[in-house]
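Next come the chains, spelled out residue by residue.
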Amino acid sequence: MTRKFNFCAGPAALPTAVLERARAEMLDYQGRGLSVMEMSHRSDDFVAIAEKAEADLRELLDIPSHYRVLFMQGGASTQFAGVPLNLLGEGGSANYLYTGIWGKKAIKEAEHLAVGSHVAASSESNGLIAVPRQNAIQLSGDVGYLHYTANETIGGLEFDYIPEVAADGVPLVCDMSSSILSGPLDVSRFGVIYAGAQKNIGPAGLTLVIVREDLLERARKDCPTMLNWKTAAEAGSMFNTPPTYAWYLSGLVFEWLKDEVGGLDAMNAINDRKAQALYAAIDGNDFYSNPIVTENRSRMNVPFVLADDRLDKTFLAESEGAGLLNLAGHRSVGGMRASLYNAVPEAAVTALVDFMGDFARRHG
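Residues numbered from 1 in each chain as written. Predicted model: local features only at pLDDT ≥ 70, side-chain atom pairs only at ≥ 80, totals over all residues. Heavy atoms only, no water.

Quick word on the overall build of the protein
How we decide: Helical segments are the DSSP runs of H or I of at least four residues, strand segments are the runs of E of at least two, and each set is numbered from the N terminus. Radius of gyration: C-alpha atoms only; globule rule: 2.2 Å multiplied by the number of residues to the exponent 0.38. Only protein chains enter the area calculation, which uses a 1.4 Å probe; residues under 20% of their type maximum are buried, those over 50% are exposed, and those in between are partly exposed. Note on definitions: a residue-residue contact is assigned when non-hydrogen atoms from the two residues lie within 4.5 Å. Each accessible area is a Shrake-Rupley estimate made with a 1.4 Å probe; only the visible protein chains count as cover when residues are assessed. This count recognises Lys and Arg as positive and Asp and Glu as negative, with His and chain-terminal groups excluded. We put the charge of a Lys on NZ, of an Arg on CZ, of an Asp on CG and of a Glu on CD.
Within the protein, the regular secondary structure consists of 9 helices and 14 strands. Over its C-alpha trace the protein gives a radius of gyration of 21 Å, about what one expects of a compact globule, namely 21 Å for 364 residues. Each principal axis of the C-alpha distribution contributes one length, and for the protein these read about 60 × 60 × 30 Å. Buried positions account for 54% of the 364 residues belonging to the protein. Here the contacts in the protein between residues at least 6 apart in sequence split such that 70% fall between residues at least 24 apart. In the form shown here, the protein has an accessible surface area of approximately 15,600 Å², with 49% of it arising from carbon and sulfur atoms. If you average the places of the 31 positive and of the 44 negative side-chain charges in the protein, the two averages end up 4 Å apart.

Let's talk about the sheet that holds strand β2 (residues 67-72)
Basically, it comes down to this: A pair of strands counts as paired when DSSP detects no fewer than two bridges linking them. Every axis corresponds to a line fitted to the C-alpha atoms, with the helix fit spanning only the stretch in contact, and the corresponding angles, defined between N-to-C directions, vary from 0 to 180 degrees.
Sheet architecture is open: 7 strands sit in the order β2-β10-β9-β8-β5-β3-β4, paired in mixed fashion. The open sheet is flanked by β2 and β4 (117-122), the only strands paired with a single partner. Neighbour to neighbour, the strand axes of the sheet diverge by 20° on average, direction disregarded. Where helix α3 (residues 75-87) meets the sheet, its contacts fall on β2, β3 (93-98), β5 (143-149), β8 (172-175), β9 (192-196) and β10 (207-212), and the angle it forms with β9 comes to roughly 160°.

So, a positive patch on the surface
Put simply, the rule is: Like-charged residues within 9 Å of one another, or nonpolar side chains (Val, Leu, Ile, Met, Phe, Trp, Tyr) within 5 Å, are grouped into patches, provided each residue has over 30% relative accessible area and no salt bridge. Only one rule defines a salt bridge in this text: a Lys or Arg side-chain nitrogen within 4 Å of an Asp or Glu carboxyl oxygen.
On the surface, Lys104, Lys105, Lys108 and Arg331 cluster together into a positively charged patch. Looking at the element boundaries, Lys105 is found in helix α4 (residues 101-112).

Examining a nonpolar patch on the surface
Nonpolar side chains collect at one region of the surface, where Met26, Leu27 and Met37 lie side by side and expose about 320 Å² of accessible area between them. Tracing the backbone shows Met37 in the loop between α1 (16-25) and α2 (44-61). Under the relative-accessibility criterion, Met37 is labelled partly exposed at 47%.

Quick notes on the side chain of Thr99
Position of Thr99 relative to the elements: it lies in the loop between β3 and α4. Taking the relative accessible area as the measure of exposure, Thr99 reaches 3% and is therefore buried. When residues no more than four places from it in sequence are discounted, the contact partners of Thr99 are Ser123, Leu128, Val131, Pro132, Thr149, Glu152, Leu157 and Phe159.

Section: the environment of Pro242
Here Pro242 is to be found in the loop between α5 (229-234) and α6 (244-261). On the accessibility criterion, Pro242 (6% relative accessible area) is buried. Between the C-alpha atom of Pro242 and that of Ala114, which follows or precedes it by 128 residues, the distance is 29 Å. Non-local contacts of Pro242, meaning those with residues more than four positions away in its chain, are made with His41, Gln73, Ser237 and Trp247.

Describing the pattern of salt bridges
With the rule as written, the count across this model stands at 19 salt bridges. Residue Arg58 is joined to Glu54 by a salt bridge in which the shortest nitrogen-to-oxygen separation is 3.0 Å. Placement of the pair is Arg58 and Glu54 together in helix α2, with a separation of 4 residues, close to one helical turn. Judged by its relative accessible area of 24%, Glu54 falls in the partly exposed class. Because the salt bridges share partners, they merge into one network encompassing Arg21, Glu25, Lys52, Asp56, Glu59, Glu255 and Lys258.

Coordinates in, geometry out; function isn't part of it.
And the structure:
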């Protein structure tokens, strides 16, 4: 079997070493005579898997002890509702920074719940090619929280700073689905961080929520039980049967990051090199272009277009033939997109850059 280079935006590539270990343990987990998929989530074996996964994650991100780590279901999009339901029980308005499609979806969900919502700053006026600066953020007078999307996977727009919330006691909430674990992070600057697993954490089906303990008391009375963070925290993320195999695989990814990569500082350096190499290839050839301002170019999702979009289908067909998979841009914007998540090796970027140079020479 020959594995190819997978640039999918999600579900995304998983580390080969993780998949190999999962394969070895698939039928018989550590001599227990059954698969992790067949275990009771209440069993000692699975509880040990869950506890180690959380401990490794806490170590990687240096998560303070007064933050709870929740392994939840429903995808990050479910937390678009979970955030206002859990944080606005004491009133206040949901404040958002709008920088792309995922931020817009979060705003629309708050509106759907009929909570007061306010766009504190937006990138719409610049065509979504740069994030709003700190001095452009205007909070509402009754701000309950400030939410932003750290990295917009579709547009390839990433924050180069962590927004400050001037109002006392107002939590900063961040959707980090596509950037978490790509480098070191100061968790203490946030009230809530949430992330869908299917990019840098593990397979689809699991959502990570990191929440400061004092915020567990702010849920609205109508918050559904399965969305209530306090319920999840008190039950150890096992109020009902959790996505056990996704949790197990995520734990293997955390081990890989610690033991094989060498932690998030090392991962950060690798991700810098990958992104710099691909952007250099785009900028160094008139055949390709990327519209995002330099300081806000995403390291995880690199969209680019060809000078002649009539060649798009040819590019995709030839790249797939060369073992470079899932380079089509999102259906809403077209063009190309290479997602460079943690599990995408530097060799994959080298192969893509070489292919792009050759394609431009042949078709330019």
